[in-house]
Amino acid sequence: MDRLRKNEKRTLLVLKGISGKGSVDQIVEISGLAHSAVMRAALSLSKKKIVIINEQKQTYIELNSEGKSYARTELPERKLIMTLIQLGGKAPLDTIRENADLGEKAFRIGLGWLHQKNWVKEDEEKILRAINIPSKGIDEELISIIDEKDVVIVEDLKYDLHRAVLMLKRRKLLNVEEKVSRELELISTGWELLKKGLETSEEISKLTPELIRTRKWREIDLRRFDLVVPGPITYPGKIHPVKRIIQRIKEIFIEMGFTEIRGPIVETAFWNFDALFQPQDHPARDMQDTFYLKNPTHGKLPKEEILNAVGKTHENGWKTGSSGWGYKWSRREARSLVLRTHTTAATIRYLAKHKKPPRKVFSVDRVYRNEKLDYKHLAEFHQIEGIIMDKNVTLRDLMGTLKEFYMKLGLEKVQFWPSYFPYTEPSVQSTVYVPEHKTWVELCGMGMFRPEVLAPLGIKNPVLAWGGGLERLIMLELGVDDIRLLYKNDLNWIRRTPICQ
Ligand code: PHE
């Protein structure tokens, strides 16, 4: 048998003191050794058949965000059945829908479970009848238990709740993590060894020049290393996954010869909309999509020459050859302050100041839209945007550039579709194939700026532009299906997300 190492001896002595049996955590605490040191000692002691390691699986569960929201309210099927009972125990589906005050998605989920749990009967006229007032189910019980304790170990739950764990797991309301707890147990060889007594001569773990020169290394007890024993998991500091992808995208633009630009977040409607030939009654300007500032409400407009040209272009096309939108353009409306809804505002501001080709610039920056927050939407998010202005550039150059851009992101198959933006003609939408998900996903919109956009700013060369949401790309890259996770600072998720995909 190999000689025992110092930590193995210490582990054995601790075990002896606790009648030959104890968990790794316990030994860590008594010995003062690091967890990894005890684990290493345990593994080699078990290899030498001095102890055995009993492993026990523990399943930790917690509610995910949907689960937590049900803990705060109640399960949608409970809400529906209570609504139905309030309505007299019998009501048409639509009436229940109206009275239940659930979102459409939650309503449908609730309805599914209502049937699955056999709480109602439905006839051909879509009239629902409550069968009884259902008592609290084990799934509801489990939700409250987890909600109270935050984290629960499944193996510690009483047996009839195990079925509830399966139900909630199937319903995707849980985060589940399995851990293994380990217990060491001395066996007869170990006891014999301890009876004989362990000599506790110091082990040497560092070979010094002194030891070599004096040839003392031949006599001493040099500690051996086992290089295949697993070490502890460490969580080194790292850059947030979103930030890392933003950096990568900026690098790609820079590799392709683009320079970064930025513009103000609080922007006038003029640069966000008017200069982009979006009429003042365009639905996107509506309060529902755009955040308007309360204080101050209005900002400054650029010089008269540009204003006049943009206004005339909206009204009758000015010198652009277009017939315009045919309405009376309002300067006051153009002065309204908004949170920019797209980075194209920064682009057009830049173009107004840099009229001479060639230009290749990009931005990756924040934009704001008055969206209801859900797994797909945020009110504050990012857009990527790039433009090229040069003599004789064409749509083909734009599609080629996009292909190269996507290729550098690891997206190889790209398709282009005709599309519409008020400021580009032609306009194109691009979709990319994501092999991991086996689907085509819409990413960037693009096009060539219209004369109605370029002429009022005095730009004489064609401008290619493309832009799109960043978060969607990040979600694909990281395999995230709820956009809110990106900004929740969920330490577990951040730690789990590897630096290299
Ligand atoms: N600004 C557009 C959007 O918000 C994208 C786009 C940029 C389209 C540039 C064409 C040209 O979706």
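Every chain is numbered independently, its residues counted from 1 as its sequence is written. Only residues with pLDDT of at least 70 are given local features in this predicted model, and only at 80 or more are side-chain atom pairs given and counted; all residues enter the totals for whole chains, interfaces and linings. Computation of side-chain values covers all heavy atoms of the structure but excludes hydrogens and water.

Colleague: Would you take a moment to explain the overall build of the protein chain for this structure?
Modeller: When helices and strands are counted, the protein chain shows 20 helices and 16 strands. Expressed as lengths along the three principal axes of its C-alpha atoms, the size of the protein chain is roughly 105 × 85 × 45 Å. Here the protein chain has roughly 28400 Å² of accessible surface; of this, 51% comes from carbon and sulfur atoms. Of the charged side chains in the protein chain, 83 are positive and 68 negative, and the gap between their average positions amounts to 5 Å. Strands are runs of DSSP state E lasting at least 2 residues, helices are runs of H or I lasting at least 4, and numbering of each runs from the N terminus. The Shrake-Rupley method, run with a 1.4 Å probe sphere, supplies the accessible areas, and residue values consider only the shown protein chains as cover. We score Asp and Glu as negative and Lys and Arg as positive, and we do not count His or the chain ends. By convention, charge coordinates are those of NZ in Lys, CZ in Arg, CG in Asp, or CD in Glu.

Colleague: What am I meant to see in the pattern of salt bridges here?
Modeller: Should a side-chain nitrogen of Lys or Arg be within 4 Å of a carboxyl oxygen of Asp or Glu, the pair is scored as a salt bridge. Tallied over the entire structure, the rule returns 27 salt bridges. Arg-340 is paired through a salt bridge with Asp-365; the nearest N and O atoms lie 3.5 Å apart. With Arg-340 in the loop between strand 10 (337–339) and helix 16 (344–353) and Asp-365 in strand 11 (residues 359–368), this pair connects stretches of sequence that are 25 residues apart. Of the residues examined, Asp-365 reaches a relative accessible area of 6% and is grouped as buried. Between Glu-452 and Arg-450 there is a salt bridge, with its nearest N and O atoms 3.2 Å apart. What emerges from the salt-bridge pattern is a single network uniting Glu-77, Lys-117, Asp-139 and Arg-171. Exposed residues in this analysis have more than 50% of their type's maximum accessible area, buried residues have under 20%, and partly exposed residues fall in between, with area computed by a 1.4 Å probe over protein chains only.

Colleague: Mind showing me how you'd approach the packing of helix 1 (residues 6–17) against helix 10 (residues 188–196) here?
Modeller: Following both chains from N to C, one finds helix 1 and helix 10 inclined at 100°, their axes separated by 11 Å at the closest point. Between helix 1 and helix 10, the interaxial angle falls into the category roughly perpendicular. Note on element contacts: helix 10 touches helix 1 through Trp-191, Leu-193 and Leu-194, opposite Leu-12, Leu-13 and Lys-16. Counted by class, the contact of helix 1 with helix 10 contains five nonpolar, no polar and one charged residues. With axes taken as lines fitted to C-alpha atoms, and helix axes fitted only over the stretch in contact, angles between N-to-C directions fall between 0 and 180 degrees. When an angle is under 35 degrees it counts as roughly parallel; over 145 it counts as roughly antiparallel; between 65 and 115 it counts as roughly perpendicular; any other value is oblique. In this analysis, two residues are considered to be in contact whenever any of their non-hydrogen atoms come within 4.5 Å of each other. Each residue is assigned to one class: nonpolar for Ala, Val, Leu, Ile, Met, Phe, Trp, Tyr, Cys and Pro, charged for Asp, Glu, Lys and Arg, and polar for all the others, Gly among them.

Colleague: It is not clear to me how the sheet that holds strand 5 (residues 127–130) should be interpreted in this structure. Could you clarify?
Modeller: Paired through backbone hydrogen bonds, the strands of a sheet run either parallel or antiparallel to each other. If you trace the three strands from one edge of the open sheet to the other, you get 3-5-4, paired in antiparallel fashion. Whereas interior strands pair on both sides, the edge strands pair on one side only; in this sheet they are strand 3 (90–92) and strand 4 (120–122). Within the sheet, the average angular offset between the axes of one strand and its neighbour, ignoring direction, is 25°. Two strands pair if DSSP finds at least two bridges between them. Two elements, strand 4 and strand 5, share three bridges in a ladder whose sense is antiparallel.

Colleague: Where do I start with the packing of aromatic side chains in this structure?
Modeller: Geometrically, a pair of aromatic rings is defined through the distance of the ring centres and the angle of the planes. The criterion for an aromatic pair is that two Phe, Tyr or Trp rings (for Trp, the six-membered ring) have centres within 6.5 Å, with stacked assigned to planes under 30 degrees apart, edge-to-face to planes over 60 apart and tilted to the rest. Considering all chains together, one arrives at 13 aromatic pairs under this definition. Both rings, one in Phe-253 and one in Trp-466, keep their centres 5.8 Å apart while their planes meet at 25°; by these two values the pair is stacked. Taken together, the positions of Phe-253 in helix 12 (residues 241–255) and Trp-466 in strand 16 (residues 463–469) put the pair 213 residues apart, joining distant regions of the chain. Each residue in the set Phe-253, Phe-258, Phe-362, Phe-405, Tyr-406 and Trp-466 is aromatic and connected to the rest through ring pairs, giving one cluster.

Colleague: Can you walk me through the sheet that holds strand 12 (residues 380–389) in this structure?
Modeller: Overall, mixed pairing links the seven strands, which are arranged 8-11-12-16-15-14-13 in an open sheet. Each of the sheet's edge strands pairs with one partner strand only, and the pair in question is strand 8 (259–260) and strand 13 (414–421). Each of strand 8, strand 11, strand 12 and strand 16 touches helix 12; the most contacted strand, strand 11, lies at about 160° to it. On top of the sheet, helix 16 reaches strand 11, strand 12, strand 15 (439–449) and strand 16; it is set at about 35° to strand 12, its chief contact.

Colleague: Just to check I follow, could you spell out the environment of Glu-315 for this structure?
Modeller: Mapped onto the secondary structure, Glu-315 falls in helix 14 (residues 304–316). Distance from Glu-315 to Arg-170, taken between C-alpha atoms, is 58 Å for residues 145 residues apart in sequence. With residues up to four places along the chain from it excluded, the contact list for Glu-315 reads Ser-323, Trp-325, Gly-326, Tyr-327, Lys-328 and Trp-329.

Colleague: So what exactly am I meant to see when it comes to a nonpolar patch on the surface here?
Modeller: Residues Leu-207, Ile-212, Trp-217 and Leu-222 make up a contiguous nonpolar surface patch of about 360 Å² in total accessible area. Tracing the backbone through its elements, the reader meets Trp-217 in the loop between helix 11 (209–213) and helix 12. Given a relative accessible area of 40%, Trp-217 falls into the partly exposed group. Any residue with relative accessible area above 30% and no salt bridge may belong to a patch, with like charges joined within 9 Å and the nonpolar Val, Leu, Ile, Met, Phe, Trp and Tyr side chains within 5 Å.

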